[in-house]
Amino acid sequence: MRKFLALIATPLVILAGCGGSGTTSSAPPPPPPPPTTQVIATPGPPNVETLMVDSGPGALTSPAVNTAFIKVTVCIPGTTTCQTIDHIEVDTGSNGLRILAGASIVDAAGNPAGAFSLALPAVQDPKNLSNVLAECQEFADGFSWGSVNTADIKLPVSGKTATGVVVQVIGAASAGDPSKANPTCVPPPPLNANACMGRENTVPCFGANGILGVGPFVNDCDSTGNCDPRPQVCSGGTCYPGNSATYYTCTAAASCAEVATGTVTPQLQLPNPAVKFATDNNGVIIELPAVGATGAAAPWNGSLVFGIGTESNNALGSATKLPMCPGTTTQGNCGISVNGMVEPLAGTITATLNGATYIESYLDSGSNANFFPATSIPSCLSPNQGFLCPTSTTNESATLTGTDGTTATADFSIANADSLFSANNAMNFAFSNLAGSNYSSTLPNSTLDLGLSYFYGHNVFTGFENNSGGPYFAY
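The model shown is predicted, which means the values in this text are computed figures rather than measured ones.

Parameters and conventions
- Residues numbered from 1 in each chain as written.
- Predicted model: local features only at pLDDT ≥ 70, side-chain atom pairs only at ≥ 80, totals over all residues.
- Heavy atoms only, no water.
- Helix = DSSP H or I, 4+ residues; strand = E, 2+ residues; numbered from the N terminus.
- Buried < 20%, exposed > 50% of the residue type's maximum accessible area, 1.4 Å probe, protein only.
- Contact = heavy atoms within 4.5 Å.
- Areas by Shrake-Rupley, 256 points an atom, 1.4 Å probe, with all protein chains shown as cover.
- Pairing = 2+ DSSP bridges.
- Core = buried A, V, L, I, M, F, W, Y, C linked by side-chain atoms within 4.5 Å.
- Phe/Tyr/Trp six-rings, centres within 6.5 Å; stacked < 30°, edge-to-face > 60°.
- Disulfide = S-S within 2.5 Å.

(A) Representation of the overall build of the protein within the structure. If you tally the helices and strands in the protein, you get three helices and 32 strands. Looking at the protein as a whole, 56% of its 475 residues qualify as buried. The contacts in the protein between residues at least 6 apart in sequence include a share of 72% that link residues at least 24 apart. Accessible surface, the protein: about 17,200 Å² in total, of which carbon and sulfur atoms supply 55%.

Below you can see the structure in the form of structure tokens.
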């Protein structure tokens with residue numbers, strides 16, 4: 001997997017990563033307080049959006065926690081027919097703008113103004129112009145199915161614009177039934193244990209009105225080619241896509257089959273929208289202020305800064321740069337054997353924690369906790385299973401290593417999730433010490449996922465691959 005995403009918040013379980021084994025221990029010294037010198041850029045032109053952590057869009061049946069949102073204005077290409085969508089999650093662990101068909105929109109004053117209804121033009125199958133494209137996108141916690149369309153986009157605070165951007169409309173009726181796609185885009189057990197688990201095609205199940213993927217790569221196939229089909233994964237007589245981003249060709253009747261090799265060139269794939277900006281397009285910075293031990297109430301505002309070293313407000317400064325595995329090689333520590341094939345570890349670095357080494361590690365604003373294969377720290381009971389509930393706060397210290405050998409220390413704490421969620425009469429939604437276990441007894445796990453919990457009090461940089469120094473993380 002090249003990206004992992006945890007979206008649905010308490011009281012539903014969050015699973016991130018690919019399972020595995022590992023241990024945790026008590027013991028490292030408490031992490032130092034966040035630096036008092038953190039500078040958060042002021043939202044506004046030419047390159048800063050307001051980033052807000054709150055309980056999510058009104059359609060959610062369970063509130064979001066540790067989810068950072070912005071607004072995005074979407075237009076029919078070449079027109080002024082536009083709608084502004086609120087509560088678009090910002091995800092540095094994926095690429096592409098994905099909008100839920102049932103997303104809510106707001107007017108110029110930010111007041112509710114109905115549901116997303118733009119008839120965005122479909123992207124045609126270049127090998128069969130009577131067909132249109134759809135996509136099955138696999139995140140770490142489930143699958144999302146939708147149509148592939150084009151749009152002009154604008155970010156309302158910074159003023160950043162991009163035209164003719166390929167986007168996904170998740171849950172679009174025009175894409176048909178994901179269970180009838182070949183191969184299916186309905187996840188296998190246990191991900192599909194209930195109506196939402198693993199099936200993230202509605203706002204309540206997805207946890208947001210959409211997602212702005214500003215990860216390290218220029219498109220959603222890690223720039224490795226044409227999203228060509230890989231061998232399918234079959235279980236119990238049902239087969240699933242072998243790619244995390246899989247494109248389909250669909251007839252007017254929405255009968256969809258995986259595209260042929262060589263069909264979906266990089267120009268037809270969902271791009272990282274920030275790469276399409278005219279300037280400030282080589283990376284992003286997530287800047288969120290520190291929160292206290294029991295969290296913070298909504299809204300907890302910070303900034304999403306576009307560009308690194310391109311303006312007076314986005315210098316790398318003293319941040320430690322950790323180069324990550326690119327999407328084009330399996331050399332060195334950037335490959336792993338899966339089912340007899342060597343797969344690239346695109347977008348990852350190495351982490352060591354409690355004596356264990358995790359070669360598929362990353363910093364991901366789209367994960368709402370710090371996830372690692374915890375076995376000695378108790379997990380919470382239902383309804384918060386998946387999160388960790390130690391009897392007292394536990395301190396951890398990891399060492400992150402970039403592909404060039406550069407290291408940085410990542411200290412974090414783990415508090416009892418049940419207690420956190422009840423803090424301030426359950427009105428707190430931003431937590432720096434929320435963690436979960438991605439342990440699995442059946443799959444190898446080599447992932448430390450430092451999610452939004454780790455971003456508070458740090459300015460976290462994601463350098464894109466189109467930058468001469470990228471791709472990289474820095475903080």
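(B) Spotlight on the pairing of strand 1 (residues 48-53). As judged from the six bridges shared by strand 1 and strand 19 (residues 300-306), these two strands associate in the antiparallel manner. Opposite Val-48, over in strand 19, you have Val-305 as the bridge partner. Bridge count between strand 1 and strand 2 (residues 68-75): two bridges; the pairing is antiparallel. Directly across from Val-53, in strand 2, lies its bridge partner Ala-68.

(C) Quick peek at the nonpolar core. If you look at the biggest cluster of nonpolar residues, it comprises 77 residues, and the most contacted ones within it are Val-74, Leu-363, Leu-400 and Leu-448. Once residues lying within four places of it in the same chain are set aside, the contact partners of Leu-400 are Leu-322, Ile-349, Thr-350, Ala-351, Leu-363, Thr-406, Thr-407, Ala-408, Ala-410, Leu-448, Leu-450 and Tyr-475. In this structure, Val-65, Cys-389, Phe-421 and Phe-431 belong to the second largest nonpolar core, which totals 13 residues.

(D) View of unusual backbone geometry. Cis geometry is found at the peptide bond from Pro-45 to Pro-46, where omega equals 5 degrees. Relative to the helices and strands, Pro-46 resides in the segment before strand 1. The step from Asn-182 to Pro-183 runs through a cis peptide bond, and the omega angle for that step is 0 degrees. As for its position among the elements, Pro-183 is in the loop between strand 10 (161-170) and strand 11 (198-199). The phi torsion at Asn-424 lies on the positive side, around 55 degrees, for a residue other than glycine. For Asn-424, the position within the fold is in helix 2 (residues 417-426).

(E) Molecular detail of the environment of Cys-250. Within the fold, Cys-250 resides in strand 15 (residues 245-250). The sequence separation of Cys-250 and Ser-147 amounts to 103 residues, and the corresponding C-alpha distance is 9.4 Å. Setting aside residues up to four positions removed in sequence, Cys-250 forms contacts with Asn-131, Val-132, Ala-134, Ser-255 and Cys-256.

(F) Quick peek at the packing of aromatic side chains. Taken as a whole and assessed by the stated rule, the structure comprises seven aromatic pairs. Ring geometry for Phe-139 against Phe-206: centres 6.0 Å apart, planes inclined by 70 degrees, an arrangement best described as edge-to-face. In this pair, Phe-139 is assigned in strand 8 (residues 128-139) and Phe-206 in helix 1 (residues 203-206), connecting sequence segments 67 residues apart. Seen in terms of ring centroids, Tyr-454 and Tyr-475 are 5.5 Å apart; in terms of plane orientation they differ by 80 degrees. Their pairing is edge-to-face. Note that Tyr-454 is positioned in helix 3 (residues 452-455) and Tyr-475 in the segment after strand 32 (472-474), a separation of 21 residues in sequence. Of the two residues, Tyr-454 and Tyr-475, neither departs from the other in class, the shared state being buried.

(G) Seen up close, the state of the cysteines. Applying the stated rule across the entire model yields seven disulfides. Each sulfur in the disulfide pair Cys-250 and Cys-256 lies 2.1 Å from the other. Disulfide Cys-250 to Cys-256: torsion about the S-S bond roughly 115 degrees, handedness right-handed. For the residue pair Cys-250 and Cys-256, the accessibility class agrees, reading buried in each case. Sulfur-sulfur distance for the disulfide between Cys-325 and Cys-334 comes to 2.1 Å. Taking the sign of the S-S torsion, about -85 degrees here, the bridge from Cys-325 to Cys-334 comes out left-handed. A relative accessible area of 7% places Cys-334 in the buried class.

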